[in-house]
Amino acid sequence: MKKLLLLFLLMCCSYELYATDLSGKYISQSGELMFRFTADSLYIDIAQSQRNISAFKLVRNLEDKKATSFNAFESYMENGRETYREVFIRVTKLKNKKYLLEYFGKDKDRDYNSNERYTIKQIEE
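Further remarks concern the packing of aromatic side chains. Counted according to the given criterion, the structure contains five aromatic pairs. A ring pair is formed by F88 and F104, whose centres lie 5.9 Å apart and whose planes are at 40 degrees; its orientation type is tilted. Of this pair, F88 sits in strand β6 (residues 81-93) while F104 is found in strand β7 (residues 98-106), placing the two residues 16 residues apart along the sequence. Residue F88 is classed as partly exposed on the basis of its relative accessible area, which comes to 26%. The partly exposed category is assigned to F104, whose relative accessible area is 25%.

Structure, rendered in structure tokens:
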């Protein structure tokens, strides 16, 4: 039983080594959007003006050595009332320190679901 418990703990620790660390600032391939990952949030800004577009509370859903997915929650004002929405965000590691960010869900300023994809690269500070 002790060996089984030790094996389980070792597997949990090694699993964390494969985790994708997404903290920091990333810019989209087009240079229009900036994505800021903090401990549990994602902020999307216009890169040139630093104007905030969206802010999501992230709940890590699934993680492996190539991709991390999140249930993302955003609150915003609609018709004078605070409204909430949930979307799905998946970040997949590509080559050369680039990532593919995919967004699935209903957009707050549209009446339909959208699926958007961005190739992002970390900004060195």
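On to the confidence of the model for the protein chain. Here the protein chain averages 82 in pLDDT, while 80% of its residues score no lower than 70. Looking across the protein chain, the model is least confident in helix α1 (residues 2-17), with a mean pLDDT of 46, and most confident in strand β2 (residues 33-37), with 95. Here residues 4-9 is a poorly scored stretch, pLDDT under 50, and it has zero contacts once near neighbours within four places are set aside; other chains count. Low pLDDT, under 50, characterises residues 13-19; the stretch is placed with five contacts to residues that sit more than four places away or in other chains.

Rules of the game
- Residues numbered from 1 in each chain as written.
- Predicted model: local features only at pLDDT ≥ 70, side-chain atom pairs only at ≥ 80, totals over all residues.
- Heavy atoms only, no water.
- Phe/Tyr/Trp six-rings, centres within 6.5 Å; stacked < 30°, edge-to-face > 60°.
- Helix = DSSP H or I, 4+ residues; strand = E, 2+ residues; numbered from the N terminus.
- Buried < 20%, exposed > 50% of the residue type's maximum accessible area, 1.4 Å probe, protein only.
- pLDDT = per-residue confidence, 0-100.
- Contact = heavy atoms within 4.5 Å.

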